[in-house]
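Residue-level listing of the chains:
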Amino acid sequence: MTYNKNIKISLLLMLMAFGLSAQNRIFLSGKDAGHAELWDFRISTGRNSGYWTKIPVPSNWELQGFGYYTYGKDHKQYRENPEIGYYKKDFFLENVPGKRYRLTFEGVMTDTHVKINGKKAGMVHQGGFTQFQYEITDHIRAGMNTLEVEVHKSSAHPSVQRSERKADYWLFGGIYRPVYIDALPLEYTERVAIDAKMDGAFHGTVHVDGVTGAVQVEARVISSDGKTLGKPLTAVADKGDSLVIMTGKFSGIKPWSHEYPNLYKLVVELKKAGKVVHTYSQKFGFRTFEVRDKDGFYLNGRRILLKGANMHSFRPAGGRALSRKDIEQNFRLLKELNFNCVRPCHYPPDAYFFDLCDSLGLLAMDELPGWNAPLQTGVGATMVKELVVRDVNHPSIVLWGNGNHVSHNPELDEHFFKWDIQKRRPLKNAAKKEDIFKNYRPSFDIVDTRFYPSYDNLIDRLNGEHIVLPNEALHALYDGGGAASLKDYWDAFKASKVGGGLMIWALFDECVVRSDEGFRLDCQQNKAPDGLVGPNGEKEGSYYAVREIWSPVQVDPMVADKGFDGTLSVSNEFTFVNLKECRFEGSLLHFSTPNAAAIGYRERGVSVVVDDLPAGEKGKIKVNLPHDWESYDALRLTVWDNQGNEVDTWTWPIGVRKGLASCFVGTLKKQLVRDPEDAFSVKVGSTVFKFDEATGALTEVVTGNKRFPVGATPFLVCHAENDLEPTALPKGKVTVRKKNDAIVIESSHINGFDHLKWTVRPEGYLTLDYAYTLPRGEYYYAGIGLRLQNEDVLGKRWLGEGPARIWKNRMEGGELNVWDQAKKLNVPGEVYDPPAFEGCFAPWYWSIFRLTGNRTLGLSTNSEGLVLGVSTPVNGKDPKFATWQYPEEEGIYIFNYISPVGAKWRGAREFGPSGQLNRIDGTCTGSINLYFDWNQADLTTEKFEVEIE
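All figures in this text were calculated on a predicted structure; none of them were measured in a lab.

A few points about the overall build of the protein
And then number 1: On a plain count of helices and strands, the protein comes out with ten helices and 61 strands.
And then number 2: Projected onto its principal axes, the C-alpha coordinates of the protein cover approximately 115 × 75 × 65 Å.
And then number 3: Taking all 949 residues of the protein together, 60% fall into the buried category.
And then number 4: At a minimum sequence separation of 6, the contacts of the protein that also span at least 24 residues come to 68%.
And then number 5: Accessible area for the protein stands at about 37,900 Å²; split by element, carbon and sulfur atoms hold 49% of it.
And then number 6: For the protein, the distance from the average site of its 114 positive side-chain charges to the average site of its 119 negative ones is 3 Å.

Encoded structure:
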C-alpha cells in the first residue's frame, strides 16, 4: 500500500521535457496555496471585519479568520449584509513595447469585480469555479500598478446563487486559486484544441489573436524524448483570422491510456517574414474514448469499466485552496485505491490535478458547477465555454458532467459539443429518485447515471439497454457504505452487457477546522463525513476493502497445505497491461509470537515466475518454494504495476490453523489442584480459576495476588430480526471431572447453551468449547461474550487480518500480520485516529488484551470461521442507515455470525447477497483458549537505582 516514490520524480522529468508555455507569466499571487503571497485585504462583515489587514492569496477567507463559515446555503442575511472581500495588490511591470497583457483568475468565489489602476478591467465575472480572463493592455502602465478586486461571496445572479450557493457541501469565499498576468506579443496564439486518435490521426484548431497580415502557422508534434514526429503541419492565418485548422496522420505513435500515459507536445510557431513572433506549446495524448450506446465505454478499442469515487477540492485547514502537494496527495490516494477513474464532482478541480491525471495515468470526468438547481442557459453557456476551453486538451478527461443531478440543464449539452473538438459526451447526473428519461430527449442514448441504486434496482438496470454508470453509489457515511457490498455490485457490473462503471460517494470526509470554535473539526454532523478516508486522508475500513476488490490483479482463494506446489491462479483485470510487465515479489514469513516484544514478521524472499498473461485473461503464476517452506507461518505475495505502483498484497497461512494459534505456551506442566472445600475451584501453579456450580460459568480468576476483571463468562449473545429467543430446554447439571492431566467442568442446557465445557490445562490455560442452538430464522449476529469492562482494556495485539475492522458485507481488505494497537478514541465525524479499536476482526488466530493493573488476557481460536469482537463500536451522530447491530453489553466476543453494515441512504439488506442477515438453521459451535498472565515471571526482579555523578 505504499505510494510510488517515483511519481514526483517522473512528474518533474515530464515537466522538464515538455517545458512551459513559451510566454512570460507573472504571478501576482502564489503559484498555489502552499506558496501564497500576502495581499491587502478588508472584509465587510463577520470575523475581523471593517479594517484593512493582510490575507494570503490564494486562500478561502473563512480559513484565514474572516467572515462566516457557511454550509449548505448562504446566510439568510446575505442580501442585506453580504460578505464582500476587498483585495489590493501593487505590482511592477517593465515598460516593454509591443506587448499585450492578459490577466487570469483561476478561481474566485463568487462574483468578481476587477479594477486596474482605478479602471474596470471588464464585466463582473459571476460563478465561483471556472477560470476567467481580462485583456488589460490598455489599463496598465510602466512601473507600479495597482490591482483591486472586489469579491462578493454570494452571487447577484439568481441562477448562480441557486445553483452554486445552495449545496450539500461547504461554501466559501475569496480568491482561492492563482492569479497571474501573461505578457504576450501583439500577434499570438491564444490557445489550441486537439483531437488526436489512437491510430495517429490528428485534428487541431489553433486560435490566434491580433493577426494584422499573413502569418505562417507551423505545428510540430514532439515526443517525450524530444524527437519530432513526421513533418510539421502548416497553415496560413490572414488579417482578421482567429482560427486555423490543422490535420495530419502520424505513424509510430504510442497511444495514451491510464496504464500507459504517453504524452506528446504540440509546438505551434507563428512566423512573419521567416521570423518567429510567438511560440506556444500544449501537451496532449493520442487516444480514442468511445461511448458505444447500449453497449459500454471503450478506450483505444478495449471495453473498460470505470471504477472510482467522487472527489471535491478540499482540505480541512485550507478549504478549496490547495497546494500542489495537496493535489499530489489526492492523486496518490486515488492510485492506491486502484481506481482507473475519478469524478471531481460539482465543479472543476485545479488544472494541475488533470495534469497529474495526464502524466501519471488516471481517467477523469469534468463537471459544470452546480448542485441544487440548473444554471440559466445564458450564464451556463459562459461557464461551459470557460470549463471546456481550459480543459479540452487533457487526454485523461473522457466525460463531461452537465451539472449535478437536479442542476442539469439539457440546453447546455450543445455548448459542450460546440467547444469540445473531441465531442465528448456530457452526462446528465440523475438523483436517486429522479426519472432520468423524463423530458430529456438528446440526440444520443442516455447513460443511466442514477444515484444510489439498491442491488435489485441495479440488476434491473444492468439487464436493460442503457449504459449503467451510477455516478454516486454506496454512500460512505461514517464506517458504513463505501466498500460494503461493493463486491456484489462489481460482480454484477462485470457480468452485464451494459455495465459502464461506478463512482463511490466519496473520497474524503469533508470537515473544516473551526478556528472560531477552538479549532475543532466540523463535519456538520452527518452531512460531510462521507469518505473512504478521513479529512486528512486517514484510512478507514472501506479504503482497504476497495483497494482489494478493485485490484487489477486478482488471485483465486487457495490453501497452502501439503498439496500446494506454489502455483497460483490469477486474473489479469488490467485494460492493456500484460502481467509479465508487472513486478511480483514473494516472501515466506515467520510471525512474531505472543511472547515476543516485536510485532510483525521475519521474512525470506522467494522468486515468482510470471509468464505471458495478456489483459483480461486468467492464468497461472508460480512461486518457487524452498524444500522447507512448510516450516514457515505464511506466504506473502506483493504486486506492482507497470508504472511501479503497488497494486495489492496477499498473505496466506501455511498449513493448519493450530500451528498459528498454539504458540502461547510450551509443554511445561504445572501442578493442578482442586480445592477440597470447593470442587469448582481449581489451582494451576499460582493461578486460581473459580466456576459457578449452578451454571458452569467462569466467575473468578486470580493470578498470584491479582484478580482479573472478568464477570460470569461466557454468556450467549444473539439478535434476531423478529426477536427470537433460544428455545427453553430442560435444565441440565454441572459436573466436574478429571480427564487425563486436566480438569473438565461441563454443563448442558443452561443459559441458552446446549453445552459448555471448560478444560483446565496443566500448562496453565483454559479451553472453552461451546454449542448453542437458536430457533430457525434470520439473525444480525450470534455468538458468545466474555464479560470485561471496556475501561479495563488498554490495548490489543493480535495475529490476524487487519488493521481495520470488518462487517459481514465488508470482509475484504485485511492483511495477515501481527498487529498492535493501544485503545484510542475514534468517533466517526468527530475524532479521527484510525484504525478503529473496537469492532469485528477476522480471520484471527490469537489476540492479547492489555488490561489495567499490568495484567494480560490472551485468546486463541481452535475453530475455523470465528470472528473476534472487541469492546463496543462507536457510531457517529444520526447515522441514518449507515448502522450495524452489535451487543450492547461490554466485553470481548466470539461471534459465529456478524452483522452487515448499511449506507447513509439504504439499509444493508438492500445491498445484495452479502448484505442479508444470517440464516441460522442448526447448532453453532466454537472452541477457544484463554490465557491469563501467561508470560509473567514467577520472581519479581529487584529494582534498584544507580546514579553516576
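Moving on, there is more to tell.
A word on the nonpolar core
Soluble globular proteins tend to bury their nonpolar side chains together.
And then number 1: Core analysis: the largest hydrophobic core is formed by 64 residues, its most contacted members being Phe339, Phe353, Leu502, Val546 and Trp550.
And then number 2: In contact with Val546, not counting residues within four places along its chain, are Leu337, Phe339, Ala483, Leu486, Ile504 and Leu532.
And then number 3: Counting 49 residues, the second largest nonpolar core, distinct from the first, contains Val734, Val793, Leu868 and Cys924.

With respect to the pattern of salt bridges
And then number 1: This model, assessed by the stated rule, comprises 58 salt bridges.
And then number 2: Between Glu517 and Arg520 there is a salt bridge; the shortest N-O distance is 2.6 Å.
And then number 3: Residue classification places Arg520 among the partly exposed positions, given a relative accessible area of 37%.
And then number 4: The salt bridge involving Glu721 is made with Arg909; its shortest N-O contact spans 2.4 Å. Highlighted residues: Glu721 in the loop between strand E47 (715-720) and strand E48 (734-739) and Arg909 in the loop between strand E59 (891-897) and strand E60 (918-920), separated in sequence by 188 residues.
And then number 5: Overall, Glu721 belongs to the partly exposed group, its relative accessible area being 35%.

Overview of the packing of helix H7 (residues 455-462) against helix H8 (residues 486-495)
And then number 1: Viewed as axis vectors pointing N to C, H7 and H8 meet at an angle of 10°, and their least axial separation amounts to 10 Å. As the angle between them shows, H7 and H8 are arranged roughly parallel. Taken together, the residues of H8 that come into contact with H7 (itself represented by Tyr455, Leu458, Ile459 and Leu462) are Asp488, Tyr489, Ala492 and Phe493.
And then number 2: Within the contact of H7 with H8, the residues separate by chemical class into seven nonpolar, no polar and one charged.

Comments concerning the sheet that holds strand E1 (residues 24-27)
And then number 1: The strand order E1-E15-E6-E11 describes an open sheet built from four strands, whose pairing is antiparallel. Where the open sheet ends on each side, the last strands, each with one partner, are E1 and strand E11 (132-135). Neighbour-to-neighbour, the strand axes of this sheet turn through a mean angle of 25°, independent of strand direction.
And then number 2: Of the strand pairs in this sheet, E1 and strand E15 (residues 179-185) are connected by four bridges, and their pairing is antiparallel.

Some details on the state of the cysteines
And then number 1: Under the counting rule described, the total for this entry stands at one disulfide.
And then number 2: Free cysteine: Cys718, not disulfide-bonded; nearest cysteine sulfur from Cys924 at 9.2 Å.
And then number 3: The class of Cys718 is partly exposed, set by a relative accessible area of 22%.

Points about the packing of helix H3 (residues 324-336) against helix H4 (residues 351-360)
And then number 1: At a minimum axis distance of 10 Å, the contact between H3 and H4 shows a crossing angle of 45°. By the angle class used here, H3 and H4 are oblique. Of the two possible hands of crossing, H3 and H4 adopt the one that is right-handed. Residues Arg324, Ile327, Glu328, Phe331, Leu334 and Lys335 of H3 form the contact with H4, whose own contacting residues are Tyr352, Phe353, Leu356, Cys357 and Leu360.
And then number 2: Along the lines of polarity and charge, the residues of the contact of H3 with H4 split into eight nonpolar, no polar and three charged.

Description of unusual backbone geometry
And then number 1: Following Pro834, the chain continues to Pro835 via a peptide bond in cis, the omega torsion being 5°.
And then number 2: Inspection of the secondary structure puts Pro835 in the loop between strand E54 (815-822) and strand E55 (839-841).
And then number 3: Here the amide bond leading from Ala842 into Pro843 is cis, since omega sits at -10°, within 30 degrees of zero.
And then number 4: Structurally, Pro843 can be placed in the loop between E55 and strand E56 (844-851).
And then number 5: One non-glycine residue, His346, lies in the positive phi region at around 75°.
And then number 6: Mapped onto the secondary structure, His346 falls in the loop between strand E27 (341-344) and H4.
And then number 7: Even without glycine at this site, Ser485 takes up a positive phi of about 65°.

The rules we used
- Residues numbered from 1 in each chain as written.
- Predicted model: local features only at pLDDT ≥ 70, side-chain atom pairs only at ≥ 80, totals over all residues.
- Heavy atoms only, no water.
- Helix = DSSP H or I, 4+ residues; strand = E, 2+ residues; numbered from the N terminus.
- Buried < 20%, exposed > 50% of the residue type's maximum accessible area, 1.4 Å probe, protein only.
- Contact = heavy atoms within 4.5 Å.
- Areas by Shrake-Rupley, 256 points an atom, 1.4 Å probe, with all protein chains shown as cover.
- Lys, Arg positive; Asp, Glu negative; His and termini not counted.
- Charge placed at Lys NZ, Arg CZ, Asp CG, Glu CD.
- Core = buried A, V, L, I, M, F, W, Y, C linked by side-chain atoms within 4.5 Å.
- Salt bridge = Lys/Arg side-chain N within 4 Å of Asp/Glu carboxyl O.
- Axes fitted to C-alpha atoms, helices over the stretch in contact; angles between N-to-C directions.
- Parallel < 35°, antiparallel > 145°, perpendicular 65-115°, else oblique.
- Nonpolar A, V, L, I, M, F, W, Y, C, P; charged D, E, K, R; others polar.
- Pairing = 2+ DSSP bridges.
- Disulfide = S-S within 2.5 Å.
- Left-handed = near helix turned anticlockwise from the far one by under 90°.

All we've got here are geometric facts, nothing functional implied.
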